[in-house]
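Close look at the chain arrangement
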Amino acid sequence: MQRLLPKFSSISRQCSVMKITKPVAATESQKCLDINASDIISASMAQSQAASVMNEHLTRADSIPLLDPTTAELSSTTFEVTTPKIESHIIGDMTPLPFEEIPGPAVLKIWEKYWKYVPLLGTQLFSSLLINRFTQGRLSWNRNVTPLKYLFNEYGCIVRINGPLSGDIVMIHRPEHIAEVFRQEGDTPIRSGIDILQHYRLNYRKYRIAGPFSLLGAEWLEVREKVEQDFNEIATRFFGKIDAICDDLITRIYKIRNRQNEVPSNFHEDMIRWSMECFCNLTFNKHLGFLESPGYNSTSEPSRIIDSLMTAHKYMSRCETGFQVWRFFLTPFARKLFEACNVLDGVIGRYARQAQSKLRARSSRGDTMNDNSSPVLEKFLLNESVHPDDICTLLLDMMILGVQATANSESFLLYYLAKNPRIQRILYDEIASVLPYKDSVFTEDTLKSMPYLKACLQESLRLRPTFPYITRLLPKTISLHGYTIPKGTFIIMANQITSQREENFEDPTKFKPERWLTSSPRSDTDFSYLPFGYGMRSCLGKHMAETKMMLLTAKLIRQFRIEYDYADIGSSFMMVNVPNKPLRFRFVDRN
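Residues numbered from 1 in each chain as written. Predicted model: local features only at pLDDT ≥ 70, side-chain atom pairs only at ≥ 80, totals over all residues. Heavy atoms only, no water.

Quick look at the overall build of the protein chain now. Counting its regular elements, the protein chain contains 21 helices and 10 strands. Every one of the 591 residues in the protein chain was classed for burial, and the buried ones make up 54%. Restricting the contact set of the protein chain to residue pairs at least 6 apart, pairs at least 24 apart contribute 74%. A total of about 26,800 Å² of accessible surface is found on the protein chain, and carbon and sulfur atoms cover 53% of it. (Helix = DSSP H or I, 4+ residues; strand = E, 2+ residues; numbered from the N terminus. Buried < 20%, exposed > 50% of the residue type's maximum accessible area, 1.4 Å probe, protein only. Contact = heavy atoms within 4.5 Å. Areas by Shrake-Rupley, 256 points an atom, 1.4 Å probe, with all protein chains shown as cover.)

The strand order across the open sheet formed by four strands is β1-β2-β6-β3, and the pairing between neighbours is mixed. Strand pairing shows two members of the sheet lacking a second neighbour, β1 (158-161) and β3 (470-473), which therefore form its edges. Averaged over all neighbouring strand pairs, the angle between strand axes comes to 20°, with direction disregarded. (Pairing = 2+ DSSP bridges. Axes fitted to C-alpha atoms, helices over the stretch in contact; angles between N-to-C directions.)

This model, assessed by the stated rule, comprises 22 salt bridges. Notably, a salt bridge pairs D345 with R205, separated by 3.4 Å at the nearest N-O pair. With D345 in helix α14 (residues 332-365) and R205 in the loop between α9 (195-204) and α10 (217-237), this residue pair connects regions lying 140 residues apart in the sequence. Classification of D345 as buried rests on a relative accessible area of 8%. R586 is paired through a salt bridge with E563; the nearest N and O atoms lie 2.3 Å apart. Of the two residues, R586 is situated in strand β10 (residues 586-589) and E563 in strand β7 (residues 560-563); the sequence distance between them amounts to 23 residues. Via salt bridges that share partners, D243, D247 and K555 belong to a single interconnected network. (Salt bridge = Lys/Arg side-chain N within 4 Å of Asp/Glu carboxyl O.)

Attention now goes to the confidence of the model for the protein chain. When pLDDT is averaged along the protein chain, the result is 77, and 70% of the positions lie at 70 or above. Across the protein chain, the element-wise mean pLDDT spans from 38 in helix α1 (residues 5-20) up to 98 in β7. Low confidence marks residues 1-92, where pLDDT is under 50. Its contacts with residues over four positions away, or in another chain, come to 78 contacts. Counting contacts from residues 110-144, a segment whose pLDDT is below 50, to residues more than four positions away or on other chains yields 83 contacts. (pLDDT = per-residue confidence, 0-100.)

What follows is the structure, given as structure tokens:
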């Protein structure tokens, strides 16, 4: 017993250390991932050092004999005295920590004083130079979600970036944090716009507004109320035309596939042509023949539109994700973007003038308007509360972003079905049970009778949402994860990372449509799955996009067995998720 007295004294000294480091226990509960102490503010460094001191004392070799059964009573008594005091202190201190204590890359604080001398960063926050600094040279610039994933793994589930002149930026991914941001936004949420398109319209074309996508607050709410009903009805009114365009793509596949039933490496362009043909039919009531042989002639109007669309999308991404030098002079990238936008603007303007002339002629004859057969453009023009310039800018946004988004999402869906033949077989069986004959006609009702088809689409959008990030500007001060986030902070919500985490979805990297067919389906307020955004800034064309993708998928699966034999296809971030490898699918006829 005398030999144990010095060790009992040692335990007493350890208990005193635990009392000194009680605030560390409270601070550690704020983290959900390991943090690199060298990148955090000095206060956090001090707390981490204190924690290491505590761990060192608790693991010393001279404490081990106290675990011997002959001394169990003594050691138990010692720890029962100190533990309740520590827990009491943790429970009592619930004051949110200040904003400055949110962990993040400390290196950017040094840059803060230099930002005044360089152009503002793009609102999407993906400058190649900054990404390299965020990750301290350990990752190269590749336009995907890896840099943000690195930041969360390094600093925790809430990361602060010292922002440029516009203020600091906070990045989050946990559903409860995303839910709290959306709960505070009200009816007039503010998100980041596309700066280069605003510059094009306001400074280059001299439009009166920058476009609906870039509208904020009450202005966006007013435009949405005017056009939302038309968007919700468009797929129903033009379902037959969408069906015919899907048949055009099937005809194209038969024509371009080789003896191994494989389509060329540029099949992604055919997907964009399918999406653009749907857009022109629904918007202008014009079948331009994007998927027909004459439409592939380089001098044809369909080819000019497709080339301009792909060019605009490419250089919009490049202008938006770097230093915005184009604010001061016309850069080569900005010039190419503006030239492409001029072509697309010209197409929209020409059809708008034709629609106006048609409506005037109809009015002079006293003809009544048939809403069920009128294209979107005519319905917008008949709405006197919507300015014609606003209509053209809205359609250009839909053309550049919406057409690409639909084509890319459908491409990812076909890829996942090709990589999972068992799931593809289940889907085929469902389609055959609803439409048992090859000449059976698809309708909206038949699509609604295919829950597994809808589940496949949902699962694909979970793994590859169209927009991997959602942004908001906080309208009021809130508390997140025990930190105070002040009003006016720019929030980036990494919804693609959210939907691929184990705590939100079992086997998150696997394509499992069955997860959407459970007896307790996920609610509309489940913030771990937001492929079309949320609230007043959610995608207007959600129903139209889902209808087009489900219909094309069902028709392709009924006609072909889809296979893919090459390297896994990932995504590149170009304002939307884009396949990073050629879509070299094999379309094998079903018996």
